[in-house]
Amino acid sequence: MIPRVIALGRHGCDLLEALGRSGLFLAQSALGWPSREGLYLWLRQMHFVGVLSLAIVLVSGLFIGMVLALQGYTILIDFGAEQALGQMVALSLLRELAPVVAALLFAGRAGSALTAEIGLMKATEQLTSMEMIGVDPLRRVVAPRLWAGFVSLPLLTVGFSVVGIYGGFLVGVEWLGLFEGSYWSNMQASVDFIADVGNGMLKSLVFALVVTWIAVFQGYDLIPTSEGISRATTRTVVYSSLAVLGLDFVLTAVMFGGLS
Amino acid sequence: MKRSKTMELGVGLFMLAGILGLVFLGLRVSGLSLSVPADTFTLQANFANIGGLKPRARVTMAGVNVGRVSAIELDTDWYDARVTLELDGALEGQLSRDTTAAILTAGLLGEQYVGLSPGGDPETLGDGDTLTDTQSALVLEELIQQFVSNMVRD
């Protein structure tokens, strides 16, 4: 009995310690005025994390918008309400699908790569060498990646929504023959910029923070062996997906559930 | 630090596309307009029953958008709904005193909106005036009740 309680206590302490370590890590690396060199580093990471993720995010957005329109049309036509298609596609994309799916794709495409890259730097003792020559690896390696993640995921989410709404337009209007005017006007009548677009962006900012934080911290904190790197990469994807889906429920309840 | 021009261009285009996307979401999807909010004036109207009317609903005249519903509250003097309409400033002093307001439904299942019909009185409505001639929303349950009680009577 007693050994079990001790084991539980050890787990609790480990968990709290990891939380504290990761919080300190986030504060130390994300805060602070960037140097000119830091801006260049950030730009490079923006290219890797943002621009190169654009293709997968936009293609997924297009297909999700098309599927939403197709499914929505077949259901709405039973009620004679196919005019509400634009409203349905736009609201489900802006409020839920774009922030969540873009964050999940981002965790798989960019988050895992960040973990593996930083992990390999740690395993080959590049981070230690940097400290030896007086360069702070938190500012040189971690901070540009964190900031690139914070900035690019909201941008990717915007792209996802725009392409998804266009995909819904392609299927609903061009293919299924819905009247073009009712697609856009019902959308405009029901979408509110602050309540829908703004809250979706807020969600996306929170997800960006959480996903990049998890990815970078897992890379920095792993056991520097090849097995450790593979485990940390898996953990990044699993933890960030779970955190995104869980946080999404909480944020939705607060933003749209009338719980305020 | 090696930086290629194409990479910088890529990041620049990426950020520009994000900002343009946000503008698209604002203008095309949520229907914001760039023009400064034009001057408006308010009218009050009391309805016996507003059905499913919500703030921000459209106000139309002959099918043309002329404003929106800015507030709905319970009038405790008469226990009916007091609806505040925010109308285009160009109409101030143009609507006759006996203009009627009705709560209409767009399509069978669509949203509810307020429709104004012009009257013939030479006197006109100004800011803060009240529309007296109103027509409540069509509530389906009441219609069915009426229909059923008529059937029973026959």
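On a predicted model such as this, the values are computed, not experimentally measured, just so you know.

## Thoughts on the overall build of chain B
- When its secondary structure is counted, chain B shows two helices and eight strands.
- Shown N-terminal to C-terminal, the secondary structure of chain B runs as helices and strands in the order α-β-β-β-β-β-β-β-β-α.
- The C-alpha radius of gyration of chain B comes to 23 Å, more than 25% above the 15 Å expected for a compact globule of 154 residues.
- Principal-axis analysis of the C-alpha atoms gives chain B an extent of 90 × 45 × 30 Å.
- Burial statistics for chain B: of 154 residues in total, 31% are counted as buried.
- Contacts in chain B between residues far apart in sequence, at least 24 positions, make up 64% of those at least 6 positions apart.

## A closer look at the environment of Ala98(A)
Residues and elements named next belong to chain A.
- Structurally, Ala98 can be placed in helix α4 (residues 85-123).
- Judged by relative accessible area, which is 0%, Ala98 ranks as buried.
- Ala98 sits 41 residues away from Val57 along the chain, and the two C-alpha atoms are 9.4 Å apart.
- Once residues lying within four places of it in the same chain are set aside, the contact partners of Ala98 are Leu93, Thr157, Phe160 and Ser161.

## Here's the deal with the UniProt feature "transmembrane region" (unreviewed entry) in chain A
- This chain's UniProt record puts "transmembrane region" (unreviewed entry) on residues 48-77, 146-173, 193-216 and 237-259 of chain A.
- Within residues 48-77 of chain A, the helical portion is 87% and the strand portion 0%, while the C-alpha atoms at the span's ends are 43 Å from each other.

## A look at the layout of surface pockets
Residues and elements named next belong to chain A.
- Its boundaries defined by the atoms lining it, the second largest pocket holds a volume of some 660 Å³.
- Counting residues per element, the ones that place at least two in the lining of the second largest pocket are α1 (2-30), α8 (193-221) and α9 (226-256).
- Of the residues contributing to the lining of the second largest pocket, the split by class is 11 nonpolar, four polar and six charged.

## Here we look at the side chain of Asp248(A)
- Tracing the backbone through its elements, the reader meets Asp248(A) in helix α9.
- Those residues in contact with Asp248(A) that lie beyond four places of it in its chain are Glu96(A), Val100(A), Lys203(A) and Phe207(A).

## Here's the deal with the packing of aromatic side chains
- Scanning the entire structure with this criterion turns up eight aromatic pairs over all chains.
- Grouped by ring-pair contacts, the aromatic residues Tyr166(A), Phe169(A), Tyr183(A), Trp184(A) and Phe24(B) constitute a single cluster.
- One Lys or Arg, Arg109(A), reaches over the ring of Phe48(A) and ends 5.4 Å from the middle of that ring.
- In this arrangement the basic side chain of Arg28(B) is found over the ring face of Trp184(A), its NZ or CZ atom lying 4.1 Å from the centre.

## With respect to a negative patch on the surface
- A cluster of like negative charges, contributed by Asp39(B), Asp88(B), Glu92(B) and Asp127(B), occupies part of the molecular surface.
- By the secondary structure assignment, Asp88(B) is in strand β4 (residues 80-88).

## Remarks on α1(A)
Residue and element names in this part refer to chain A.
- Over its 29 residues, α1 extends 42 Å from the first C-alpha to the last, a length consistent with the 42 Å expected when each residue adds 1.5 Å.
- Burial in α1 covers these residues: Ser22, Phe25, Leu26, Ser29 and Ala30.
- On its buried side, α1 packs onto α6 (137-175) and α8.

## Looking at the environment of Ser53(A)
Residue and element names in this part refer to chain A.
- Within the secondary structure, Ser53 sits in the loop between α2 (36-50) and α3 (54-76).
- In this structure Ser53 comes out as buried when scored by relative accessible area, which is 1%.
- On a C-alpha basis, the gap between Ser53 and Ala102 in space is 9.7 Å, while along the polypeptide they are 49 residues apart.
- With near-sequence residues (within four places) excluded, Ser53 lies in contact with Phe48, Arg109, Ala110 and Leu156.

## Structural notes on the pattern of salt bridges
- Enumeration according to the criterion identifies 11 salt bridges over all chains in this entry.
- Two residues, Arg145(A) and Glu117(A), come together in a salt bridge whose shortest N-O distance is 2.9 Å. Remark: Glu117(A) occurs in helix α4 and Arg145(A) occurs in helix α6; sequence separation between them is 28 residues.
- Overall, Glu117(A) belongs to the partly exposed group, its relative accessible area being 32%.
- Arg97(B) is the salt-bridge partner of Glu123(B), the closest N and O atoms lying 3.7 Å from each other.

Definitions and limits used
- Residue numbering note: each chain is counted from 1, following its sequence as written.
- For this description, chains carry letters from A and ligands carry numbers from 1, given in the order in which they are written.
- With pLDDT at 70 or above as the cut-off, local features in this predicted model cover only qualifying residues; side-chain atom pairs require 80 or more to be listed or tallied, and sums for whole chains, interfaces and linings still use all residues.
- Excluding hydrogens and water, the side-chain values take into account all heavy atoms of the structure.
- Secondary structure counts use DSSP, requiring at least four H or I residues in a row for a helix and at least two E residues in a row for a strand, with both numbered from the N terminus.
- The size measure is the radius of gyration over C-alpha atoms, and the globule rule it meets is 2.2 Å times the number of residues to the 0.38 power.
- Three labels apply to residues, based on accessible area from a 1.4 Å probe with only protein chains included: buried if under 20% of the type maximum, exposed if over 50%, partly exposed otherwise in between.
- Contact criterion: two residues are considered in contact whenever any of their non-hydrogen atoms come within 4.5 Å of each other.
- UniProt positions are given in the numbering used here, feature names are shortened, and annotations may be inferred rather than shown by experiment.
- Cavities and pockets were defined on a 1 Å grid built over protein atoms only: a cavity is a set of grid points that admits a 1.4 Å probe from which the probe cannot escape, a pocket is an open set flanked by protein on both sides within 12 Å along at least five of seven lines, and lining residues are those with an atom within 4 Å of any such point.
- Grid points are joined across faces, edges and corners, and a volume is the space filled by probe spheres set on the points.
- Under the grouping applied here, Gly and all other residues not named as nonpolar or charged are polar, the nonpolar ones being Ala, Val, Leu, Ile, Met, Phe, Trp, Tyr, Cys and Pro and the charged ones Asp, Glu, Lys and Arg.
- Two aromatic rings from Phe, Tyr or Trp, using only the six-membered ring of Trp, form a pair when their centres are within 6.5 Å; if the ring planes differ by under 30 degrees the pair is stacked, by over 60 it is edge-to-face, and anything between is tilted.
- Two conditions define a charge located above a ring, namely a distance within 6 Å from the ring centre to NZ of Lys or CZ of Arg, and an angle within 35 degrees of the ring normal.
- In this scheme, patches are assembled from residues that exceed 30% relative accessible area and form no salt bridge. Like charges are connected within 9 Å, while nonpolar side chains (Val, Leu, Ile, Met, Phe, Trp, Tyr) are connected within 5 Å.
- Shrake-Rupley sampling with a 1.4 Å probe provides the accessible areas, and residues are treated as covered by the protein chains on show and by no other component.
- A pairing counts as a salt bridge when a side-chain nitrogen of Lys or Arg comes within 4 Å of a carboxyl oxygen of Asp or Glu.
- His is not counted here, nor are the chain ends, while Lys and Arg score as positive and Asp and Glu score as negative.
- Here the site of a charge means atom NZ of a Lys, CZ of an Arg, CG of an Asp or CD of a Glu.
- Helix span is expected to be 1.5 Å times the residue number reduced by one.

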